[in-house]
Structures are given as structure tokens and as C-alpha cells.
Amino acid sequence: MRIEIDEPKCVASGQCVMIAPEVFDQREADGIAVLLQNRPGVELRDAVRESAAVCPAAAIRLVEG
């Protein structure tokens, strides 16, 4: 699984950071999500999928494979 963030879509809600803080963080200046790792291990994939599902702006894209 690879993760991509569409920064222009991000509304800085921070849901992804609360669900998967090992994978996502937010920029201090504007709160936009940033990736700490774009290919998470198997143990983090459920949290990453949940983060993508609850993102209010649908800014997180998961590429399986």
C-alpha cells in the first residue's frame, strides 16, 4: 500500500493524525497533513484505511499493491 495526500484538498481537520500518528502529521504553519511514511507496515494499514475513510475532504488516496 502506498499513500498519497492531495494537499490542495486537505482541510486540516487532523482526523488522520489522531487515528494514525505514526503515519500522518500536520504542518505547523497551516495544519495541512503530511506523510511521515508513505508505505506503512502491515500493522498500520487498518488505521491508514480508517484515516482515508473519515477524511472530510477525501484528500487521502490509497494505492494498493
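Residues numbered from 1 in each chain as written. Predicted model: local features only at pLDDT ≥ 70, side-chain atom pairs only at ≥ 80, totals over all residues. Heavy atoms only, no water.

> Tell me about the environment of I19, and name the residues and values.
In this fold, I19 is placed in helix 1 (residues 15–19). Taking the relative accessible area as the measure of exposure, I19 reaches 24% and is therefore partly exposed. Taking the C-alpha atoms as reference points, I19 and A57, 38 residues apart in sequence, are found 16 Å from one another. Setting aside residues no more than four positions away along its own chain, I19 makes contact with A47, E50, S51 and V54. (Helix = DSSP H or I, 4+ residues; strand = E, 2+ residues; numbered from the N terminus. Buried < 20%, exposed > 50% of the residue type's maximum accessible area, 1.4 Å probe, protein only. Contact = heavy atoms within 4.5 Å.)

> Explain the pattern of salt bridges to me, and be specific about the residues and the numbers.
Taken as a whole and assessed by the stated rule, the structure comprises six salt bridges. R2 serves as the salt-bridge partner of E4, at 2.5 Å between the closest nitrogen and oxygen. The exposure class of R2 is partly exposed, given its relative accessible area of 27%. (Salt bridge = Lys/Arg side-chain N within 4 Å of Asp/Glu carboxyl O.)

> An account of the side chain of S51 is needed here, citing residue identities and associated values.
Counting through the fold element by element, S51 comes out in helix 2 (residues 45–54). Among residues more than four places away in sequence, those in contact with S51 are C16, I19, A20, F24 and I60.

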